[in-house]
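In case you want the letters, here they are:
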Amino acid sequence: MTDILHSPATTSESTNRKIVTPIPGPKSVELHDRRVKVVSEGVSELFPIYVDHAHDALMVDVDGNQFIDFTGGIGVTTVGHTNDAVVEAVRDQVGKVTHTLFGLVGYESYIRAAELLAEHTPGDFPKKSVFVNSGAEALENAVKIARKFTGRTEVAVLHHGYHGRTNLTAAMNYNMHPYGTGFGPLAGSVHHAPNSNPFSDGLTGEQAAKATITHLEKRVGASQIACLVVEPIQGEGGFIIPADGYLNALVDWCEENGIVYVSDEVQSGMARTGKYFASEHFGIVPHLTTSAKGIGGGLPIAAVTGRADIMDASHSGGLGGTFGGNPVAAAALVAVFEQVESRGLLAEAQRVESIMRPRLDAIKQRFDSVADARGKGAMMAIELQDPATGEPAPAIVKAVQQFALHQGVLFLTAGTFGNVLRFLPSVVITDEQLHEGLDVLEASLEAAIAATAAQ
Ligand SMILES: Cc1ncc(COP(=O)(O)O)c(CNCCCC(=O)O)c1O
């Protein structure tokens, strides 16, 4: 197999990429050696590098190697690493008050953050929010609120979905490993139904919705279901975009049966797809929307936002937690929304798609192993299969990721079968950085496919 892991990096002419040591460099190796002594083995170590600083779409490790970042820390730094306005808002806030616990002593930024989410999440009805610290915590609370509002217990989710690493959200995930293996017993009352994946199932939205609804009606009973939790574009599952009409049919079914429709926009939300929330692409209005990742611009904050009557179903004191909506994170959220508005970042996400889509389509035409190219805005992906058998090709995906790392570009994988390369760059990435990263993608695919074929 060609030793693509150590091919000399061709970055000397680049102002965006700079590889000045072996990967990992000596300081990263030293940090790794310290890490293994004090950090649980349970925490993954995907890239063997350690960051020193980052800004916009570029990241520099402790050895001075510079990378174009197509991961965004899994879709968090949508407005860019160390976005200037976010940094300024955090700096202004952190010296004034860092914590009170909003349920004890309130502060304006929590309220402003809730006003922004009420304004920009889908739906023109009165909306309220509660803030928590992670996407999983938002999903946990969305389920609590739906159960309280309906008086029902059962939770419906879709195949290939992902919702977190807590006991309940691990039960809601499609992939048991690595999120739930050995951590059980996981929460009950969670029911998995078929999703819509037109690339692989060939079903129309109507046909796929019938399959989903029939499964839930027969296996659970609509009258028992508190909520149906759906990612409008499934993220960890591989950037799966449902067939036209699928989500609309699910929302209608929920409306008809008193089921709370929860749109999990943790990965697809906050300008990522060129809309504030991906639900807008499909013309659906969820009852509740969960958000996290990009809303905080790198600071940990997550939210459940939705119909005021549903959000108010909880008794006072039923929702909360120590750090939820922390003043510093809330200030960052407000800055993120201001950045999206003032810099036209929805259009920037569309610019990213306008550059990536034709190049990914061309890559699909060039390489038989690339079976699909898909996505919306700055949430694009390619799916790799063995052209002879149609089986998933995760080995090539991993090899591409490794080769690109050594060429100064960070790519993420995804997909139930690990055969998807997903791209989550910040929407402030430059055209030049996009094209350079895609050049490396193409070279990495060529090297990885050749190396795999030579095995
Ligand atoms: C749709 C959707 N809902 C919920 C979550 C969970 O958000 P947390 O902030 O990671 O808890 C996610 C987080 N996805 C990245 C997980 C990374 C990892 O843990 O290895 C998501 O994408």
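Just so it is clear, the model here is predicted, and its values are computed rather than measured.

**Some details on the sheet that holds strand S10 (residues 302–307)**
Turning to step 1, where the next piece is worked out: Ordered by their spatial adjacency, seven strands build an open sheet running S4-S10-S9-S8-S7-S5-S6, and the pairing between neighbours is mixed. Edge positions in the open sheet fall to strand S4 (127–132) and strand S6 (190–193), since each of these has one partner strand only. On average, adjacent strands in this sheet sit at an angle of 20° to one another, irrespective of strand direction.
Turning to step 2, where the next piece is worked out: Together, strand S5 (154–158), S6 and strand S7 (225–230) form the strand contacts of helix H8 (residues 205–219), whose direction differs from that of S6 by roughly 145°.

**Considering helix H9 (residues 246–257)**
Turning to step 1, where the next piece is worked out: Spanning 12 residues, H9 covers 17 Å between terminal C-alpha atoms, matching the ideal 16 Å at 1.5 Å per step.
Turning to step 2, where the next piece is worked out: Within H9, burial applies to Tyr246, Leu247, Leu250, Val251, Trp253 and Cys254. Down the axis of H9, the buried side of the element spans an arc of 160°, and every buried residue falls inside it.
Turning to step 3, where the next piece is worked out: In the core, the buried residues of H9 are packed alongside S5, H8, S7, strand S8 (260–264) and helix H10 (279–282).
Turning to step 4, where the next piece is worked out: Phi for Gly258, located one or two positions after H9, is positive at around 65°.

**With respect to the confidence of the model for the protein**
Turning to step 1, where the next piece is worked out: Here the protein shows a mean pLDDT of 97. Residues at 70 or above account for 98%.
Turning to step 2, where the next piece is worked out: For this predicted complex, the interface confidence score (ipTM) comes to 0.99, while the overall pTM stands at 0.97.

**Details of the pattern of salt bridges**
Turning to step 1, where the next piece is worked out: Across all of its chains, the model carries 15 salt bridges by this definition.
Turning to step 2, where the next piece is worked out: Between Glu236 and Arg422 there is a salt bridge, and its shortest N-O distance comes to 2.8 Å. Taken together, the residues span a long stretch of sequence, with Glu236 in the loop between S7 and H9 and Arg422 in strand S15 (residues 420–423) at a distance of 186 residues.
Turning to step 3, where the next piece is worked out: Linked by salt bridges that have partners in common, Arg359, Arg366, Asp439, Glu442 and Glu446 make up one network.

**Some words on the packing of aromatic side chains**
Turning to step 1, where the next piece is worked out: For the coordinates displayed, the defined rule picks out nine aromatic pairs.
Turning to step 2, where the next piece is worked out: With 6.3 Å between their ring centres and 85° between their planes, Phe70 and Phe423 make a pair best called edge-to-face. Here the residue Phe70 occupies a position in the loop between strand S3 (66–69) and helix H2 (72–75), and Phe423 occupies one in strand S15, the gap between them amounting to 353 residues.
Turning to step 3, where the next piece is worked out: Aromatic rings pair up to connect Phe102, Tyr107, Tyr110 and Phe131 into one cluster.
Turning to step 4, where the next piece is worked out: When the ring centre of Phe125 is taken as reference, the NZ or CZ atom of Lys127 above it lies at 5.9 Å.

**As for the nonpolar core**
Turning to step 1, where the next piece is worked out: Grouped together as the largest cluster of nonpolar side chains are 91 residues, with contacts concentrated most on Leu360, Ile382, Phe423 and Leu441.
Turning to step 2, where the next piece is worked out: Per-element accounting of this core gives the leading share, 10 residues, to helix H12 (residues 327–342).
Turning to step 3, where the next piece is worked out: With near-sequence residues (within four places) excluded, Leu360 lies in contact with Ala373, Met380, Ala381, Ile382, Phe423, Leu438 and Leu441.
Turning to step 4, where the next piece is worked out: Residues Phe239, Leu247, Val251 and Ile259 belong to the second largest nonpolar core, which totals 32 residues.

Conventions we followed
Residues numbered from 1 in each chain as written. Predicted model: local features only at pLDDT ≥ 70, side-chain atom pairs only at ≥ 80, totals over all residues. Heavy atoms only, no water. Pairing = 2+ DSSP bridges. Helix = DSSP H or I, 4+ residues; strand = E, 2+ residues; numbered from the N terminus. Axes fitted to C-alpha atoms, helices over the stretch in contact; angles between N-to-C directions. Contact = heavy atoms within 4.5 Å. Expected span 1.5 Å × (residues − 1). Buried < 20%, exposed > 50% of the residue type's maximum accessible area, 1.4 Å probe, protein only. Arc of directions from axis to C-beta. pLDDT = per-residue confidence, 0-100. Salt bridge = Lys/Arg side-chain N within 4 Å of Asp/Glu carboxyl O. Phe/Tyr/Trp six-rings, centres within 6.5 Å; stacked < 30°, edge-to-face > 60°. Lys NZ or Arg CZ within 6 Å of the ring centre and 35° of its normal. Core = buried A, V, L, I, M, F, W, Y, C linked by side-chain atoms within 4.5 Å.

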